[in-house]
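Coordinates in review
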Amino acid sequence: MNILLLGSGGREDALAWRLRQSPSCGTLFAAPGNPGIARWAECLAIDPCDAAAVAATARSREIGLVVVGPEAPLVAGVADALRAAGVAVFGPSAAAAQLEGSKGFTKDLCRANGIPTADYVRVERRRDALAALDRFAIPVVIKADGLAAGKGVTVAMGRDEAEAAIDAAGDGPLVIEEFLEGEEASLFALADGATAVFLASAQDHKRVGEGDTGPNTGGMGAYAPAPVLTAELQRRAMDEIVRPTAAALARQGTPFNGVLYAGLMLTADGPKLIEYNVRFGDPECEAIMPLIEGDFAVLLHAVASGRLGEIEPPALASKHAMTVIVAARGYPGMPASGGLIREIEAAEQIEGVTVFHAGTALGEQGLVAKGGRVLAVTAIADTFASARARAYRAVDQIDFADGFHRRDIGWRELARENA
Ligand code: AMP
Ligand code: GLY
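What comes next concerns the included structure. (Residues numbered from 1 in each chain as written. Chains lettered and ligands numbered in written order. Predicted model: local features only at pLDDT ≥ 70, side-chain atom pairs only at ≥ 80, totals over all residues. Heavy atoms only, no water.)

**Side note on the packing of helix 7 (residues 126-133) against helix 8 (residues 159-169)**
Where we set the bar: Structural elements are reduced to axes, namely lines fitted to C-alpha atoms, with helices fitted over the stretch in contact, and the angle between N-to-C directions of any two is expressed from 0 to 180 degrees. Runs of E in the DSSP output that reach at least two residues are strands. Runs of H or I that reach at least four are helices, and both are numbered from the N terminus. Orientation categories follow fixed angle ranges, with anything under 35 degrees roughly parallel, anything over 145 roughly antiparallel, 65 to 115 roughly perpendicular, and all other angles oblique. Note on convention: near helix rotated counterclockwise from far helix by under a right angle means a left-handed crossing. Clockwise means right-handed. Contact definition: two residues touch when any of their heavy atoms are within 4.5 Å. When residue character is reported, Ala, Val, Leu, Ile, Met, Phe, Trp, Tyr, Cys and Pro are called nonpolar, Asp, Glu, Lys and Arg charged, and the others, Gly included, polar.
At their nearest, the axes of helix 7 and helix 8 sit 10 Å apart, and the two run at 160° to each other. What the angle tells us is that helix 7 and helix 8 run roughly antiparallel. Crossing handedness for the pair helix 7 and helix 8: right-handed. Along the contact surface, helix 7 presents Arg 126, Ala 129, Leu 130 and Leu 133, while helix 8 presents Arg 159, Ala 162, Glu 163, Ile 166 and Asp 167. Tallied by class, residues from the contact of helix 7 with helix 8 come to five nonpolar, no polar and four charged.

So, in structure tokens, the structure goes:
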């Protein structure tokens, strides 16, 4: 089976690496890919959001499965166009992708189906937003309603800060919600419209600075599994949150097909949904892929063709994986581009280590940085501590003068293990 993977980041490099190991994967193509992905796939200069171009490529390259990495092509309806053309695709329709694209859509779906989440109101105007504040205790959470890549969220620690966030948003749709107390964890489930199964758990570090300080980023590191999401909490999250969501979308006539990434708050009352994403997390994906056993292409094809209930549920190795992001100086503001990167091969000599490319390009002198997050250095081992040690040894091998990374990825887990 020939496979076409859409995307060009570290997440897609990890997906390509894992697909390349699948016995059922024939020729693997990536659009547009990157120099890391080119190690496993033939890269095609196609815009992944151009539905017509992707569908034409699927035909001409005799593609049996399209795997969509990022959210933009999903929101643009690329999965719909492929399905209409009779191509098996792993990734939801634009209608189901609203779970990520509209916070208000997801909150209303939760309320209508009794899915545990923070109490909330949706407002359109500044005046209504200010009035709604009276209903909530402080801290209170203010969210812009739209695809904001995590940037449109303010956790206001006082009424003044809440009002400032509302003023900064101006008139326009907002969600105001109750502050949830607890530890965050991410759950990844596969869904094919009829069946939803647990795939993996992970935790990431969103802040740029050590000690989880400074501005938010796409993620500076991650590890999988997240032991804080115990087997019991995982079961509750699947039964109380993920499966009711998939069932509600199917009843509405917009079944979800692909990976559901649930951001959870583990509260004293059990897991509650913070948000959904409709694709793998980045860098969570890089930490999850090394743990997945079996033929990954067969698994994704079963999802794409609505046969998830007919195959063995996905199995995870009982190991630990950790990813450290090496970013270009300046990230998440104005990252420096063009910095030379050397010694990736030396890093990959370390047992269990793979260096995924998040934002690289081939320059005249070799591999250079292109983008904020540049490398996703990943290690797998029997224990969390050992995976972490390997990942940092690998980071230390890499010669990238323009780069920086956090030295404390996994601190929560390390503290738990040492306790
Ligand atoms: P979101 O974009 O909805 O994932 O929000 C970004 C981040 O804001 C989350 O990862 C949480 O750390 C925080 N957050 C969002 N909603 C809440 C909430 N209701 N209570 C506490 N923290 C929240
Ligand atoms: N790591 C967070 C995300 O992919 O949205």
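There's more to say after this.
**Details of the site of ligand 2**
Rules: Nearness is defined per residue: one heavy atom within 4 Å of the molecule or strand is enough. What qualifies as a polar contact is a pair of N or O atoms within 3.5 Å, subject to a donor-acceptor requirement within protein and to the restriction that residues adjacent in sequence count only when both atoms come from side chains. Surface exposure here means Shrake-Rupley accessible area, sampled with a 1.4 Å probe, where a residue is shielded only by the protein chains that are shown.
The environment of ligand 2 is formed by Asp 204, Gly 218, Tyr 261, Arg 279, Gly 281, Asp 282, Pro 283 and Glu 284. Contacts to ligand 2 include Gly 218, whose backbone N or O atom sits 3.0 Å from a nitrogen atom. Residue Asp 282 places a main-chain N or O atom 2.9 Å away from an oxygen atom belonging to ligand 2. Relative to its unbound accessible area of 200 Å², ligand 2 is 87% covered by the protein chains. Grouping the constituent residues of the shell around ligand 2 by class yields two nonpolar, two polar and four charged.

**As for the nonpolar core**
How we decide: Residues grouped as a nonpolar core are buried Ala, Val, Leu, Ile, Met, Phe, Trp, Tyr and Cys residues, joined through side-chain atoms within 4.5 Å. Three labels apply to residues, based on accessible area from a 1.4 Å probe with only protein chains included: buried if under 20% of the type maximum, exposed if over 50%, partly exposed otherwise in between.
Counting residues in hydrophobic clusters, the biggest one holds 73 residues, and the most contacted among them are Phe 90, Leu 190, Phe 280, Met 289, Ile 341 and Leu 375. Examining the composition of this core, we find that seven residues originate from one element, strand 17 (residues 320-328), more than from any other. Beyond its immediate stretch of four places on either side in the chain, Phe 90 contacts Leu 65, Val 66, Val 67, Val 68, Leu 190, Asn 257, Gly 258, Val 259, Phe 280, Leu 300, Val 303 and Ala 304. Leu 4, Val 78, Val 87 and Phe 105 belong to the second-largest nonpolar core, a separate cluster that totals 49 residues.

**Some remarks on the environment of Ile 3**
Mapping Ile 3 onto the fold places it in strand 1 (residues 2-7). Classification of Ile 3 by relative accessible area gives buried; the value is 0%. Taking the C-alpha atoms as reference points, Ile 3 and Val 66, 63 residues apart in sequence, are found 5.8 Å from one another. Every residue in contact with Ile 3, bar those within four places of it in the chain, is listed here: Leu 19, Cys 25, Thr 27, Leu 28, Phe 29, Ile 63, Leu 65, Val 67 and Ala 297.

**Topic: unusual backbone geometry**
With an omega of -5°, the peptide bond running from Ala 31 to Pro 32 counts as cis. Among the secondary structure elements, Pro 32 is positioned in strand 2 (residues 28-32). Pro 139 follows Ile 138 through a cis peptide bond whose omega is -5°. Structurally, Pro 139 can be placed in the loop between helix 7 and strand 7 (140-144). The phi angle at Asp 212 is positive, at roughly 55°, despite the residue not being glycine.

**Regarding the sheet that holds strand 5 (residues 89-90)**
Rules: Here, any two strands with at least 2 DSSP bridges between them count as paired.
Here five strands make up an open sheet; going across it, the order is 3-2-1-4-5 and the pairing parallel. Two strands close off the open sheet at either side, each with one partner strand: strand 3 (42-43) and strand 5. Here strand 1 runs beside strand 2; their pairing, made up of five bridges, is parallel. Across the sheet, the residue bridging to Ile 3 is Leu 28, located in strand 2.

**Some points on helix 9 (residues 231-251)**
Applicable threshold: Here the expected length of a helix is defined as 1.5 Å per residue gap, with one fewer gap than residues. Think of it this way: the bend at a residue is just the angle between two axes, each fitted to seven residues, one set ending at that residue and the other starting at it.
Helix length check: helix 9, at 21 residues, gives a terminal C-alpha distance of 28 Å against a target of 30 Å (1.5 Å per residue), a fit within 8%. The largest bend in helix 9 amounts to roughly 40° and is located at Met 238. Along helix 9, the residues classified as buried are Ala 237, Met 238, Ile 241, Val 242, Thr 245, Ala 246, Ala 248 and Leu 249. Tucked inside the fold, the buried residues of helix 9 contact helix 5 (98-101), helix 6 (103-113), strand 10 (183-192), strand 11 (196-204), strand 15 (257-267) and strand 16 (270-277). The positive-phi residue at the C-terminal boundary of helix 9 is Gly 253, with phi of around 85°.

**Notes on the packing of aromatic side chains**
The cut-off we apply is this: The criterion for an aromatic pair is that two Phe, Tyr or Trp rings (for Trp, the six-membered ring) have centres within 6.5 Å, with stacked assigned to planes under 30 degrees apart, edge-to-face to planes over 60 apart and tilted to the rest. Two thresholds decide whether a charge sits over a ring: the Lys NZ or Arg CZ must be within 6 Å of the ring centre and within 35 degrees of the ring normal.
Counting across every chain of the model gives five aromatic pairs. Ring geometry for Phe 90 against Phe 280: centres 6.5 Å apart, planes inclined by 20°, an arrangement best described as stacked. Separated by 190 residues along the polypeptide, Phe 90 in strand 5 and Phe 280 in the loop between strand 16 and helix 10 (284-288) bring together distant segments of the chain. On the basis of relative accessibility, which here comes to 1%, the residue Phe 90 falls in the buried class. Between the aromatic rings of Phe 188 and Phe 280, the centroid separation amounts to 6.2 Å while the plane-to-plane angle is 25°, which identifies the pairing as stacked. Here Phe 280 lies in the loop between strand 16 and helix 10 and Phe 188 lies in strand 10, a separation of 92 residues in the sequence. The exposure classification of Phe 188 matches that of Phe 280, with both residues buried. Three or more aromatic residues link up through ring pairs in this structure, and these residues are Phe 90, Phe 188, Tyr 261 and Phe 280. A cation sits over an aromatic face here: Arg 111 above Tyr 120, 3.9 Å from the ring centre.

None of this, on its own, says anything about what the molecule does.
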